[in-house]
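# Examination of the molecular architecture
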Amino acid sequence: EDDAVTGLDHVASSSPAAAGRKREGEHGADVGRGVDVGVRGGGVGDDGAAIGDGAAQQPRGVEPAAVKMDIIDMYDDYKERARATRRTVYGATEWRKHRSTKRYFRSMFTAIRSGVLRGLALELLMIVAVAGAVVGLSVSGVAQLAIPAMPLTLTAPALGLLITYRTNQAYGRWWEARKIWGAVINKTRDLTRQAHWFRNTERAKRFSALAVAFGYALNAHCLLGTISNPSNHIGEHATVDDKLESELTPLIGAEATAEVLAAPHRPVEVCRLLTRCISEEGLTPQMEARVDETIAFFSDFGGMCDRLQKTPMPLTYTRHTARFLFTWLCFVPSALLSTGLGAAQIVVATFAIATLMLGIDEMGVQVEEPFSILPMDSYNNGLRALHEYATFVPAPTPKRPIPVFA
């Protein structure tokens, strides 16, 4: 899943960064939250200067620290853009390839193109620099920095538990988000089916369209602040709002789309429009209760997504894990000195250990915020195809009331 990075290599030389990016303190990389290019802050940073244009484009007189931050921003932008390549939808062909024995060879031969490894380039460079400095000082006789391997051996299990727990919890968040969207899909199908209870054909079509519109509104709500670029989920659109407008206008009309875009919480606004639609139809009390129960689930789904989007894992846990891991890796070259390995062997071994350990931690960080790597566009487009296929012929009046079960 890390190899689909075609079209992202140009970011290493010049990368338009997320405007008005909010840094998350010590919580790792920028994620570009709260930023819509052209909507929230335009294309400038806090100091009014363009962000992430690379060190080569810095004006004269820029402090070295600012140049370094631009380089870091550039790599952060790369990682954010690479997330768009991980929105995979599997079918029979993909599963066959997934379980093929060739997966080992394919994974090893394409490791150099791994998005995770490319995103860790700066961290790995720093660890290798530390290893080179330790080996150079020891070989030249300036300082003997060899230490016993016992301290690292004793702390390795604790570090492994920290990283494993964090990765498992991050995967749990990703899987919960997928289950939420699975429930959204199922309830949307229910509403498009219940639209056949409507006696007014046009209102039935509108109700079904609004049900599909909820998925698009929830998608945009979860992805506000995502970096705008040609290869991600918003395609040629400048902002998430532009994309949402282009999706909803053909579906529910310009007037309803304007109401949704103007609302502070778009999914809740779609639920309100659905409720208005069933009140205008005048269904039987039993039918209306059934439909309203399904719409109430939509409100729950919006709240569940808000909980995941607005609540990261405890920051103290994330920060301590990052400090522990980086400090531990910095002492690896000194521990390897005491084993009698050569200078080149120590540097290579340190690089390999750092790649594996940092890679595990990075995978947890990448899936902790699940919505920008879930293929929500594919889910919504499938629901839209179901709506467009349906023929809304009024259902016959039931001969007896439909029972309502508590």
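This text follows the structure it describes.
Predicted model only: the values in this text are computed from it and were never measured.

## Points about the nonpolar core
One finds W181, F207, I252 and F371 to be the most contacted residues of the largest nonpolar core, which totals 50 residues. For this core, the secondary-structure elements that each account for two or more residues are α6 (150–194), α7 (201–222), α8 (240–252), α9 (254–262), α10 (266–281), α11 (285–310) and α14 (376–389). Here the element with the most residues in this core is α7; it accounts for 13 residues. Each residue touching W181, except ones within four places of it in the same chain, is listed here: G215, L218, N219, C305, F371, L374, M376, Y379 and N380. With 22 residues, the next largest nonpolar core counts V135, L152, W328 and L358 among its residues.

## A few points about the packing of α6 against helix α12 (residues 315–337)
Look at α6 against α12: their axes get within 10 Å of each other, and the N-to-C directions meet at 145°. Regarding α6 and α12, the two cross each other, and that crossing is left-handed. From α6, L152, T155, A156, A158, L159, L161, L162, I163, Y165 and R166 reach across to α12, where they touch Y317, T318, H320, T321, F324, L325, W328, F331, V332 and A335. In the contact of α6 with α12, the residues fall into 15 nonpolar, 4 polar and 1 charged.

## Re the packing of helix α5 (residues 121–140) against helix α13 (residues 343–368)
Contact pair α5 / α13: the axes reach a minimum separation of 9 Å and the direction vectors enclose 150°. Viewed along their axes, α5 and α13 adopt a mutual orientation that is roughly antiparallel. Here α5 runs over α13; the crossing is right-handed. Along its contact with α5, which presents E123, L124, I127, V128, A131, G132 and V135, the element α13 presents A343, I346, V347, T350, F351, A354, T355 and L358. Considering only residue class, the contact of α5 with α13 consists of 11 nonpolar, 3 polar and 1 charged.

## Focus on the packing of aromatic side chains
Aromatic ring pairs: the centre-centre distance and the angle between the two ring planes describe each pair. A complete count under the given rule lists 9 aromatic pairs for this structure. Aromatic pair F198 and F207: ring centres 4.9 Å apart, planes at 35°, arrangement tilted. Accessibility classification places F198 together with F207 in one group, the buried group. Chaining the aromatic ring pairs together yields one cluster made of F214, F297, F298 and F301. Above the plane of the ring of F297 lies K187, whose end atom (NZ or CZ) is 4.1 Å from the centre.

## Structural notes on the pattern of salt bridges
Per the counting criterion, the structure on display carries 12 salt bridges. Between E368 and R166 there is a salt bridge; the shortest N-O distance is 2.7 Å. Of this pair, E368 sits in helix α13 while R166 sits in helix α6, placing them 202 residues apart in sequence. As a salt-bridge pair, R384 and E388 come within 3.5 Å of each other at their nearest N and O atoms. One end of the pair is R384 and the other is E388, both in helix α14 and 4 residues apart, which spans about a single turn. The network of salt bridges with common partners includes E259, E269, R272 and R276.

## Topic: a nonpolar patch on the surface
There is a patch of nonpolar side chains on the surface, built from Y104, F105, M108 and F109 and spanning about 560 Å² of accessible area. If you trace the backbone, Y104 turns up in helix α3 (residues 102–109).

## Let's talk about α8
Its 13 residues give α8 an end-to-end C-alpha distance of 18 Å, which sits within 8% of 18 Å, the value for a rise of 1.5 Å per residue. Every buried residue of α8 is accounted for by V240, D241, K243, L244, E247, L248, L251 and I252. Buried residues of α8, viewed axially, fall in a sector of 155°; they line one side. Check the buried side of α8 and you find it contacts α7, α9, α10 and α14. Positive backbone phi, approximately 95°, marks G253, located one or two places after α8.

## Let's talk about the state of the cysteines
In the structure shown here, the tally under the stated rule is 0 disulfides. Here C222 stays free of any disulfide, with the sulfur of C305 as its closest cysteine sulfur at 4.1 Å.

So, how was this worked out
- Residues numbered from 1 in each chain as written.
- Predicted model: local features only at pLDDT ≥ 70, side-chain atom pairs only at ≥ 80, totals over all residues.
- Heavy atoms only, no water.
- Core = buried A, V, L, I, M, F, W, Y, C linked by side-chain atoms within 4.5 Å.
- Buried < 20%, exposed > 50% of the residue type's maximum accessible area, 1.4 Å probe, protein only.
- Helix = DSSP H or I, 4+ residues; strand = E, 2+ residues; numbered from the N terminus.
- Contact = heavy atoms within 4.5 Å.
- Axes fitted to C-alpha atoms, helices over the stretch in contact; angles between N-to-C directions.
- Left-handed = near helix turned anticlockwise from the far one by under 90°.
- Nonpolar A, V, L, I, M, F, W, Y, C, P; charged D, E, K, R; others polar.
- Parallel < 35°, antiparallel > 145°, perpendicular 65-115°, else oblique.
- Phe/Tyr/Trp six-rings, centres within 6.5 Å; stacked < 30°, edge-to-face > 60°.
- Lys NZ or Arg CZ within 6 Å of the ring centre and 35° of its normal.
- Salt bridge = Lys/Arg side-chain N within 4 Å of Asp/Glu carboxyl O.
- Patch = residues over 30% accessible without salt bridge, like charges linked within 9 Å, V, L, I, M, F, W, Y side chains within 5 Å.
- Areas by Shrake-Rupley, 256 points an atom, 1.4 Å probe, with all protein chains shown as cover.
- Expected span 1.5 Å × (residues − 1).
- Arc of directions from axis to C-beta.
- Disulfide = S-S within 2.5 Å.

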